[in-house]
Amino acid sequence: LSRASLADSRWDIAFTDVSGRTRFTRQGFATEDLKVHLSNQPGIFNLRVGADTGDRQVAAIATLDGRFTASTLIDRYSDLAWLKPWVVGASDWKLAVRIPAGAKAEGDQPSQLLLTSDLVGTAITMPEPMKKPGQSSLQLELRAPLPIERGEINLRLGEVMRLRGKVRKDLPLN
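Position labels on residues start from 1 in each chain and follow its written sequence. The model is predicted, so local features are restricted to residues of pLDDT at least 70 and side-chain atom pairs to those at 80 or more, both for listing and for counting; the totals for chains, interfaces and linings are taken over all residues. Hydrogens and waters are ignored; side-chain quantities use all the structure's heavy atoms.

Some words on unusual backbone geometry
Reasoning step 1: The omega torsion across E128 and P129 is 5°, close enough to zero to call that bond cis.
Reasoning step 2: Secondary structure elements are taken from DSSP: a helix is a run of H or I of four residues or more, a strand is a run of E of two residues or more, and numbering for both begins at the N terminus. Mapped onto the secondary structure, P129 falls in the loop between β8 (122–124) and β9 (140–146).
Reasoning step 3: Between L146 and the following residue, P147, the backbone shows a cis peptide bond with an omega angle of -5°.
Reasoning step 4: Along the chain, P147 turns up in the loop between β9 and β10 (152–157).
Reasoning step 5: One non-glycine residue, D17, lies in positive phi territory at about 50°.
Reasoning step 6: The classification of residues rests on relative accessible area computed with a 1.4 Å probe and restricted to protein chains. Under 20% of the type maximum is buried, over 50% is exposed, and intermediate values are partly exposed. On the basis of relative accessible area, D17 is assigned to the partly exposed category, the value being 28%.

Okay, here's the thing in structure tokens:
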């Protein structure tokens with residue numbers, strides 16, 4: 001691929017300036033560190049499908065690594081828009097989505113998101129104890145089902161906060 005566009009409305013993702021190689025086999029395919037832009041911010045995208053995932057229980061694995069503003073990531077999930085005024089700057093992020101094999105029906109196992117960052121470069125302007133200067137490190141790890149309403153989320157923000165709960169559309173977190 002050379003300066004292509006890739007998009008998927010189900011995930012609200014649109015990559016531009018996509019460049020790199022994809023290797024195809026009879027059992028699947030795998031990209032090789034595609035250079036992409038997400039909201040004009042550069043990243044590296046990989047997608048492995050079928051046998052190339054290395055796990056028969058997994059239909060596909062997608063990863064994205066890059067330095068993104070928190071608002072670029074928040075824009076993918078409108079229910080988190082309230083966070084945008086409280087996070088300023090850009091940090092290195094690692095995102096991974098695992099899509100289980102055979103998941104078609106509503107009751108099937110949902111896809112899983114893993115999102116991590118040290119948040120260096122992003123300030124959190126909330127009151128203490130959540131407040132964080134931009135250049136300090138605070139490890140963030142989020143594990144969530146996709147769609148997010150289909151299971152339990154686990155969020156860890158350093159030693160400051162741990163959250164485990166379920167998100168339901170138009171209902172408070174429980």
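Focus: the side chain of Q41
Reasoning step 1: Relative to the helices and strands, Q41 resides in strand β4 (residues 41–50).
Reasoning step 2: You can call Q41 buried: its relative accessible area is 14%.
Reasoning step 3: When neighbours within four sequence positions are excluded, Q41 is seen to be in contact with V36, R67, F68, T69 and T72. The criterion used for residue contact is that any of the two residues' heavy atoms lie within 4.5 Å.

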